Amino acid sequence: MKLERVLVVGGGMAGLHTVRSLREKGFPGAVTFLGEEQHAPYDRPPLSKAVLAGNGRGTVEKVEELAFAFDFADSGVECRFGERAVGWTPGVVTTDTGVELPYDRLIVATGSTPIQLGFGETLRTYEDSVRLRERITGGRRIAIVGAGWIGAEVATAARNAGTEVVIHEARSRPLALVFPAAVGEAMAGWYAEAGADLKCSDPVTGPPPGADHTLVAVGARPDTRWLGEAFHRAKDGSLLVSEHLETNVPGVFAVGDVAAYRSVRYGGRHIRVEHWDNALRGPQALVPNVLEGVGAAVYDPVPYFWSEQFGRMVQYVGHHTSADRMVLRGDLAAPTWSVCWLDPHARLTAVLAVGRPRDLAQGRRLVTAGAVMDAARVADAAAALTAAVL
Ligand SMILES: Cc1cc2nc3c(=O)[nH]c(=O)nc-3n(C[C@H](O)[C@H](O)[C@H](O)COP(=O)(O)OP(=O)(O)OC[C@H]3O[C@@H](n4cnc5c(N)ncnc54)[C@H](O)[C@@H]3O)c2cc1C
């Protein structure tokens, strides 16, 4: 297959790092970068943190302040921002302006779209965040549907702005699908401490009464319908890709939030990771497969993400299942603590660190290495995690 034209669809972080890496690795051919948003790619995590802070507290006033440093003109990349891909046939992507873009390799990096409930607003773009900042700095009452990562961060910003917050969570505690009860209950305490009214086991079907504004934060799903029927997808719409990030259609790859990649590390299951680190690292493995041929690099990271909520830095690395044993380091009621998970062979599978970055850094290395741990020593929060390796 000739390789003269690469088309990257999706002007977010994964798309940007793909374009950058293509040039860094010396690809001399044509690179076209298509993105629905009007702006050059920018960093999304500040949208629920610094951008919302407003009123002089770390204010971000322009989307350009969040942009990734990259000179598109100097790198000879054709940017088509403000244009959406709407159709695919082998070798050609059609956009909403009616233009047909031919390619030799296609990279789909279209991220995900917030799940809508038919009421309220959602948070994904810079414009969404600026609008939300106006709502929460007006000193009004805001309802948040969903006590997940974004719900917690927006609740933090709203309370800091002195706004009344009611959070409606369908399950019995925050992040019930991710963490065991003890962890979720400790997190529920953070809401109470901040004066946010967390209502659990409270599924809502319409705008909560009494709120001036409602934010719906119940997750996001990839919208890949424009690609048509030829592609294998997971139930959530994400594109199923191999460990080389190639879809079932030869020459078409996917990376970032939109992709569910086959993880050799996790038993060959397809995993979709909706976090910043995945959008950063995926392109590094993707580009060798595009330029040198499929098989040149395997993508198999230990997933990592962070969240900043209620004055705490929350970091998680790895992947645990309900079969893993949870070992607590410290007191869940204290300002800082960690939780480790050990598999039935006492291998460290995951670490959740709250205000304990050292545990996270060491845990990341140990999880990657598949270190076998002494559970009693893991529980000793005064000793380094590395001291618990058997
Ligand atoms: C508010 C917020 C806070 C976050 N905070 C954190 C955090 O603290 N820690 C963390 O680890 N992660 C965080 N994340 C997640 C992280 O930002 C994402 O994982 C990352 O942005 C994914 O990058 P991506 O390039 O795959 O997708 P995106 O960033 O979603 O970019 C995809 C782009 O493709 C465009 N697009 C979609 N469809 C089309 C189409 N058909 N044609 C053309 N363009 C299209 C979209 O408009 C978008 O600009 C946060 C996300 C949000 C929304």
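Data block above holds the structure.
Heads up: these notes are all about the structure in this document.

Criteria and cut-off values
- Residues numbered from 1 in each chain as written.
- Predicted model: local features only at pLDDT ≥ 70, side-chain atom pairs only at ≥ 80, totals over all residues.
- Heavy atoms only, no water.
- Core = buried A, V, L, I, M, F, W, Y, C linked by side-chain atoms within 4.5 Å.
- Buried < 20%, exposed > 50% of the residue type's maximum accessible area, 1.4 Å probe, protein only.
- Contact = heavy atoms within 4.5 Å.
- Pairing = 2+ DSSP bridges.
- Helix = DSSP H or I, 4+ residues; strand = E, 2+ residues; numbered from the N terminus.
- Axes fitted to C-alpha atoms, helices over the stretch in contact; angles between N-to-C directions.
- 1 Å grid on protein atoms, 1.4 Å probe; cavity = no way out; pocket = protein on both sides within 12 Å on 5 of 7 lines; lining within 4 Å.
- Points joined across faces, edges and corners; volume = space filled by probe spheres on them.
- Nonpolar A, V, L, I, M, F, W, Y, C, P; charged D, E, K, R; others polar.
- Phe/Tyr/Trp six-rings, centres within 6.5 Å; stacked < 30°, edge-to-face > 60°.

## Considering the nonpolar core
Line of reasoning, step 1. Grouped together as the largest cluster of nonpolar side chains are 67 residues, with contacts concentrated most on Trp-88, Leu-106, Val-108, Leu-348 and Met-373.
Line of reasoning, step 2. Contact partners of Leu-106, with chain neighbours within four places excluded, come to Leu-7, Val-9, Trp-88, Val-93, Gly-251, Val-252 and Phe-253.
Line of reasoning, step 3. Counting 44 residues, the second largest nonpolar core, distinct from the first, contains Tyr-42, Val-51, Leu-132 and Val-339.

## Focus on the sheet that holds strand S5 (residues 92-95)
Line of reasoning, step 1. Strand order in the open sheet made by the three strands is S4-S5-S6, with antiparallel pairing throughout. The strands lining the two open edges of the sheet, one partner per strand, are strand S4 (85-89) and strand S6 (100-102). Each adjacent strand pair in this sheet contributes to an overall mean axis angle of 25°, direction not counted.
Line of reasoning, step 2. Relative to S6, S5 runs antiparallel, the two being bridged by three bridges.

## A word on empty space enclosed by the protein
Line of reasoning, step 1. Counted under the stated rule, the structure contains one cavity of 30 Å³ or more.
Line of reasoning, step 2. Estimates place the volume of the largest cavity at around 40 Å³.
Line of reasoning, step 3. If you go around the largest cavity, the residues you meet are Tyr-261, Val-273, Asp-277, Asn-278, Arg-281, Tyr-299, Pro-301, Pro-303 and Tyr-304.
Line of reasoning, step 4. If you tally residues by element for the lining of the largest cavity, the top one is helix H6 (residues 276-291), at three residues.
Line of reasoning, step 5. A class-by-class count of the residues in the lining of the largest cavity yields six nonpolar, one polar and two charged.

## Structural notes on the packing of aromatic side chains
Geometrically, a pair of aromatic rings is defined through the distance of the ring centres and the angle of the planes.
Line of reasoning, step 1. Inspection of every chain in the model, using the stated rule, returns 15 aromatic pairs.
Line of reasoning, step 2. Here the aromatic rings of Trp-190 and Trp-337 are separated by 6.2 Å at their centres, their planes lie at 40°, and the arrangement is tilted. With Trp-190 in helix H5 (residues 181-193) and Trp-337 in strand S21 (residues 337-342), this pair connects stretches of sequence that are 147 residues apart. Here Trp-190 matches Trp-337 in class, with each residue buried.

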